[in-house]
Amino acid sequence: MKKTALKFNSNWIACGLLLGAFVVSAIRFWMVSRDLGEGEARGEIIRVAHWQLEPGFREALQWAIDEYNALPRVKAAGVVVEQTAIAERFYNQFMNVHLISGTAPDIAVKKQSELISGNALASFYAPLGTYVEKPNPYNAMEWQIADLPVKLAKFLSEAPWRDTFFDGLEGGFEEYLSDYYAIPICTWGGLRMIYNLSILEDVKSFALEQASLQIQPEWLQTIWRSESNEDGYLPEDDAIEWLENDQIPQTLGQLILYCSAVNALAIYEGVDYLVPIAGSSYIANDVIRLYYDEFMSGIWHELSLEQGKKLSAIEVLAGFDEGVWNFETPMVREYFSFVSVMSAFYPQGFLGLDREQAQRRFVLGQAAILSTGGWDATSIYQGIQGRSDPNNRFEIAIAPEPMPVEAERWAEILTMRASEADAKGGVPFAINKQSPNFDWCVDFLMFISSHRINEGFAARAGWLPVISGAQPPESVRGFLPTTEGLPKTFSLNLVSGNIPSSIRNTWNAQTKLLATGDVEYEEMQEDIVDVLNDPRIGVRRAWISTMLDLQDKSRANQRSMSVDRLNAILGSDEAADRERSNTYLNLIEDEGVHVQRWWQEMYPEQTYPTY
Amino acid sequence: MFSKRFCPLPYAISFYLIVFLGSLSGCSEGKHVAQLSDSEKIEEGVEYLRVFNFDSAYSTLSDVQPELEVSDPNWPLATYSLGLAAWHKTPPENESLIEARTLLKLVAERAHDSIFAASALLDLGRMAEVSDFRGDPPDVAKAQSYYREVMDRFPVTEMSTRATLFLAQTLAQSFENESVREAIILLNDEIESQPDSKWKGTLAQYVAQLYAFYLHDSRSALIPYETAMRAGFPRSAESDVSLWQFGLLAQEAGNDLLAAEVFNRIVVEYPRSIYGTVARSRIIEISKKYPEEGIVIPELSTVGLGR
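Parameters at a glance
Numbering of residues begins from 1 in every chain and follows the order in which that chain's sequence is written. Both sets of labels track the order of writing: A upward for chains, 1 upward for ligands. Where totals are concerned, whole chains, interfaces and linings use all residues; where local detail is concerned, this predicted model gives features only for residues with pLDDT of at least 70, and gives and counts side-chain atom pairs only at 80 or more. Per the convention used, a helix needs a DSSP run of H or I reaching at least four residues, while a strand needs a run of E reaching at least two, with both numbered from the N terminus. Partly exposed residues are those whose C-beta has more than 12 but fewer than 20 other C-beta atoms within 10 Å; with 20 or more the residue is buried, with 12 or fewer it is exposed, and the C-beta atoms are placed from the backbone. Contact definition: two residues whose C-beta atoms, as placed from backbone geometry, lie within 7 Å. A helix is expected to span 1.5 Å for every residue after the first. The reported arc concerns the directions from the helix axis to the C-beta atoms and nothing else. Note that the domain bounds were set by an automatic or database domain assignment. Under the scheme applied here, ten amino acids are nonpolar (Ala, Val, Leu, Ile, Met, Phe, Trp, Tyr, Cys and Pro), four are charged (Asp, Glu, Lys and Arg), and all others, including Gly, are polar. Only buried Ala, Val, Leu, Ile, Met, Phe, Trp, Tyr and Cys residues enter a nonpolar core, and they are joined through C-beta atoms within 7 Å. For two strands to be treated as a pair, DSSP must find no fewer than two bridges joining them. What counts as an axis is a line fitted to C-alpha atoms, over the stretch in contact for a helix, and the angles between N-to-C directions run from 0 to 180 degrees. Roughly parallel means an angle under 35 degrees; roughly antiparallel means over 145; roughly perpendicular covers 65 to 115; every other angle is labelled oblique. Definitions for this section: a left-handed crossing has its near helix turned counterclockwise from the far helix by less than a right angle. A right-handed crossing has that turn clockwise.

*Asks:* Would you explain the overall build of chain B in this entry?
*Replies:* Within chain B, the secondary structure is distributed over 14 helices and zero strands. Listing the helices and strands of chain B from first to last along the sequence gives α-α-α-α-α-α-α-α-α-α-α-α-α-α. Per-residue burial over chain B gives 46% buried out of 307 residues. In chain B, of all internal contacts separated by at least 6 residues, the share reaching a separation of at least 24 is 47%.

*Asks:* Would you mind showing me how to read the overall build of chain A here?
*Replies:* Along the backbone of chain A there are 26 helices and 11 strands. If one aligns the C-alpha atoms of chain A with their principal axes, the spans along those axes are about 95 × 80 × 70 Å. Looking at the 611 residues of chain A, the share that counts as buried comes to 45%. Looking at chain A alone, contacts between residues at least 24 apart form 74% of all its contacts between residues at least 6 apart.

*Asks:* Explanation requested: helix H2 (residues 38–50) of chain B in the structure shown.
*Replies:* Spacing of three or four residues puts side chains on the same side of an α-helix, whose turn is 3.6 residues. Compared with the 18 Å implied by 1.5 Å per residue over 13 residues, the 18 Å span of H2 of chain B between its first and last C-alpha is a close match. For H2 of chain B, the complete set of buried residues consists of Ile 42, Gly 45, Val 46, Tyr 48 and Leu 49 of chain B. Viewed end-on, H2 of chain B has its buried residues packed into an arc of 155°, placing them on one side of the element. Considering only its buried residues, H2 of chain B is in contact with helix H24 (539–569) of chain A together with helix H3 (54–64) and helix H4 (75–88) of chain B. In the stretch just after H2 of chain B, Phe 52 of chain B is the one whose phi turns positive, near 65°.

*Asks:* So what exactly am I meant to see when it comes to the domain arrangement of chain B here?
*Replies:* Frequently, the measure chosen for interface size is the accessible area removed from exposure when the parts meet. All names here are of chain B. Domain annotation for chain B reports domain 1 (37–154), domain 2 (158–233) and domain 3 (235–296). The straight-line distance from the C-alpha centre of domain 2 to that of domain 3 is 23 Å. Among the elements that line the side of domain 2 that touches domain 3, the one with the most residues is helix H11 (residues 218–231), at six residues. Classifying every residue of the side of domain 2 that touches domain 3 by side-chain character gives six nonpolar, three polar and one charged.

*Asks:* What am I meant to see in the domain arrangement of chain A here?
*Replies:* Residue and element names in this part refer to chain A. Examined at the domain level, chain A breaks down into domain 1 (33–187 + 424–468), domain 2 (192–313 + 322–399) and domain 3 (491–602). Listed per partner, the contact involves 17 residues of domain 2 and 18 residues of domain 3. If one sorts the elements of the side of domain 2 that touches domain 3 by residue count, helix H17 (residues 330–343) sits on top with four residues.

*Asks:* Just checking my understanding: could you explain the interface of chain B and chain A for this structure?
*Replies:* Across the boundary between the two partners, chain B contributes 56 residues, which contact 65 residues of chain A. Looking at which element gives the most residues to the side of chain B that touches chain A, the answer is helix H12 (residues 239–252) of chain B, with six residues. Taken together, the residues of the side of chain B that touches chain A sort by class into 28 nonpolar, 18 polar and 10 charged.

*Asks:* Help me out: how do you make sense of the environment of Ser 71 of chain B in this one?
*Replies:* Locating Ser 71 of chain B in the fold gives a position in the loop between H3 and H4. Taking the C-alpha atoms as reference points, Ser 71 of chain B and Gln 251 of chain B, separated by 180 residues in sequence, lie 59 Å from one another.

*Asks:* What is the right way to read the nonpolar core from this model?
*Replies:* Proteins that are soluble and globular tend to have nonpolar side chains buried together. In this structure, Phe 444 of chain A together with Val 150 of chain B are the most contacted members of the largest nonpolar core, which totals 253 residues. With 10 residues, the top contributor of residues to this core is helix H10 (residues 200–214) of chain B. Ignoring any residue separated from it by four or fewer positions in sequence, one finds Val 150 of chain B in contact with Ala 118, Leu 121, Leu 122, Met 159, Ser 160 and Ala 163 of chain B.

*Asks:* What is the right way to look at the environment of Pro 249 of chain A in this model?
*Replies:* Residue and element names in this part refer to chain A. With respect to the secondary-structure elements, Pro 249 resides in the loop between helix H11 (236–243) and helix H12 (252–269). With 152 residues separating them along the chain, Pro 249 and Glu 401 place their C-alpha atoms 9.0 Å apart. If sequence neighbours within four positions are ignored, Pro 249 has contacts with Gln 254, Leu 255, Tyr 258 and Pro 402.

*Asks:* What's the story with H10 of chain B in this structure? I'm lost.
*Replies:* All names here are of chain B. In a regular helix each residue adds 1.5 Å, so 15 residues correspond to 21 Å; H10 covers 20 Å between its end C-alpha atoms and thus fits that length. Across the 15 residues that make up H10, a large majority, 15, are buried. His 216 sits one or two residues past H10 and shows a positive phi near 50°.

*Asks:* Just checking my understanding: could you explain the sheet that holds strand E1 (residues 45–50) of chain A for this structure?
*Replies:* Strand pairing in a sheet takes place through backbone hydrogen bonds and is either antiparallel or parallel in direction. Residue and element names in this part refer to chain A. Read across the open sheet, the five strands follow the order E2-E1-E3-E11-E6; overall the sheet is mixed. Unpaired on one side and paired on the other, strand E2 (80–85) and strand E6 (183–187) mark the two borders of the sheet. Within the sheet, the average angular offset between the axes of one strand and its neighbour, ignoring direction, is 20°. Across two bridges, E1 lies against strand E3 (residues 107–109) in parallel orientation. Of the residues in E3, the one forming a bridge with Ala 49 is Ala 108.

*Asks:* Got a minute to help me understand the packing of H4 of chain B against helix H5 (residues 94–110) of chain B in this structure?
*Replies:* The relative placement of two packed helices comes down to the angle between their axes together with the axis-to-axis distance. Residues and elements named next belong to chain B. Packing of H4 against H5 brings their axes to within 8 Å, and their N-to-C directions diverge by 155°. By the angle between their directions, the pair H4 and H5 is classed as roughly antiparallel. Between H4 and H5 the crossing geometry is left-handed. In this structure, H4 uses Pro 76, Thr 79, Tyr 80, Leu 82, Gly 83, Ala 86 and Trp 87 to contact H5, whose residues at the interface are Ser 96, Leu 97, Glu 99, Ala 100, Leu 103, Leu 104, Leu 106 and Val 107. Its residues placed into classes, the contact of H4 with H5 shows 11 nonpolar, three polar and one charged.

*Asks:* How should I be thinking about unusual backbone geometry in this particular structure?
*Replies:* With the exception of glycine, most residues fall at negative phi, and the peptide bonds are largely trans. Thr 90 of chain B connects to Pro 91 of chain B through a cis peptide bond whose omega is -10°. For Trp 410 of chain A, which is not glycine, the phi dihedral falls at a positive 70°. Tracing the backbone through its elements, the reader meets Trp 410 of chain A in the loop between strand E10 (396–399) and strand E11 (425–431). With phi around 65°, Phe 175 of chain B is a residue other than glycine that occupies positive phi space. Its place among the elements puts Phe 175 of chain B in the loop between helix H8 (158–172) and helix H9 (177–193). The exposure class of Phe 175 of chain B is partly exposed, given the 13 C-beta atoms found within 10 Å.

*Asks:* I would appreciate a short explanation of the pairing of strand E9 (residues 367–372) of chain A in the present structure.
*Replies:* Looking along a regular strand, one sees the side chains alternate between the two faces of the sheet. All names here are of chain A. Most of E9 sits inside the fold, with six of its six residues counted as buried. As judged from the four bridges shared by strand E7 (residues 192–196) and E9, these two strands associate in the antiparallel manner. Looking at the pairing, Met 193 lines up with Ser 371 of E9. Pairing between strand E8 (residues 275–277) and E9: two bridges, direction parallel. In the strand pairing of E9, Val 275 is matched with Ala 367.

*Asks:* Would you explain the sheet that holds E10 of chain A in this entry?
*Replies:* All names here are of chain A. Read from one edge to the other, the open sheet built from four strands follows the order E8-E9-E7-E10, with strand pairing classed as mixed. The open sheet has two edge strands, E8 and E10, and neither has a second partner. On average, adjacent strands in this sheet sit at an angle of 20° to one another, irrespective of strand direction.

*Asks:* So what exactly am I meant to see when it comes to the environment of Asp 237 of chain A here?
*Replies:* In this structure, Asp 237 of chain A sits in helix H11. Each C-alpha atom, one on Asp 237 of chain A and one on Ala 159 of chain A, is 54 Å from the other, the two residues being 78 residues apart in sequence.

Here it is, written out as structure tokens:
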């Protein structure tokens, strides 16, 4: 027995590995603790984490950090702010692990994940409600840009910090918790179409030449809308007038003419690489998506089961069951016609391309149009200016998607764009509750969201600022949100996250197949209808999952009500306001009571479905 | 029993390492808790509740609450907070709910006139009314008796308003017209009894909802909706949505001029509302219908960036 015990045993390998791992972890833990714990407790390092790797952002943030670190008060305290950029793909994983282990950065961009959502957010990030009600000291007169208009200067110095954000700090507000949990430092703005003006000039002169031929080419003849061609897109006379000027497309008909002309020119000159639109799998590159809400908003009144309430997923789906809409409904059929038309302007195999490939195609002058958000603007400008041959550089124009005008196709359906009035602040920085330097974190966020610094940051990053009265850089003015338009809540939205995945995925997949020409409309319709009618995964199941979801939300809301009532009893007026807000939500939606009522009114003879 | 190649030493080392690490963290925690006074422990427990950390709140408060005498001034807060923590800690289990009910009943009985007693009764009502986990049977009648008890024991207070709202809710959820009307009477009585209450907007908007969507009587919904608008909507962040709904109901009830006034508020007071354009369009339509009224068409604002 003794001999057996002394003999080499493979279990020792496991033991050695375990010991080794333990020793390495212990040393690492000690080093991290020393840096994060003692170091930060002494007020040395405040880490700021984000995932914005676009060119310009990190440099601009570093400028703001350097400005802050150079403040005498900050230097005297030995505080140093540092940024940590993490790729978006790993960001949630990184934050989840570090928030749980207590080693997360002091300040981080708040991103929803399974773990950090709803009122669980309050377990990891600190509420800022009490701070945002007071003026931001870094907006005081002595910190401001010289010669600001008197009214603006007075407003900035006296208004509560919250009110200095152009969106009233809605971008940092958590509805579940009825409190502010983050400080945004920029504005997302709207998605826009970016035009290569060099291609525009060539294509318009080519199209004008083609239009002046005695016998116009077939591709052009199909575009003219007339009594004999109701599937055309715009009247010929209007089109010729536009081709003769140097404007980018001002109407949807002109856009389709332009894209068709790009395709024709590519064939005519044998340049296979040239495409009208640099489409990719990245949703912001999808021009078709820009028109979805506009196409699908025509029947909101008929779909609504409670007038004035935001249209919910179950109202959209119940509308299908009740025959309010189907695939013969004009707006639905026309939307898919639009999908077929526009997808012909995307590169072949566009679903296999990503955001970077789409951008590169545009920057290299191989696409006439790119749709994206303001966050990509700096990359695009830099890409174009970085072309080695100056002759290859080109001017661009940024504009919202054009809408059809009278006499153009779809003018009756597409009456106006969707409103961007509710645009919110982006890159919302939240403070880790476990940070030993909470006060310095708040101070830094006040600094970076002060008018002067935010304007300086935006100018360097090439992003839209978030503070009222801050000048947006000229290069991204085109992305400023427009207030005029339809509410997105009117949309028959089958692509939102609230639609059950079985239906949403089928709708998305079939739309893509239609776009790539792999299915016909009738086949696509059949496949989607099959799913909608399937009791296991369709509308009936959506009623069940909606109820379960609402019941979960009721639990979360009940927790908020309990906590806020306790806080109200203990004297917090803010908590009392939150309690009233959450109580009202409870009254009208508790346990999905409104959905139960809708069901009862629609199907009085049937009990509510369950699993 | 063991194979010849089994050697217990690696397992023993692993075991000691785990015990060693566990004891390190245990020592640290133990030292921290031991250093706190009862008041500090209660404060810490309440602080955990404030950030929705019910498990830690329960752990902290269950350490201190049993040590307190009922006569201790901290007892109502500690017992009530522990009750809340037991109710909301995860996972929801029958044992936790029984403990929560016991603690909340204790508060309701022993701290008879305390505000915590009223709050505990409301919570007992909610616990009776709602299933906290699958298989937890709701008992609406019991919930109603708790709410009525609050209304009797704490009349004309914010707690009685809360109880009235919850009681009205249980009546309305039957979807029977008679019960819904009974709920409306209760709510209106409460508005009358406390005309300056901060809950006025909540009470009035709920009455409006009951008229509009439970009784399908948009005309009767207008007065309470207007009361709520003047008092301030409870969900202030969504005031524009409430105004949009109010305007639609006014139009449905044939009161176009009231609708125009409400839509005007959306455009003027909520420049960032996504309903601004559609509200303005409706004002234009109404102004054409009533040219003699001289309705002024408000202009939409632009985004407040730049100068």
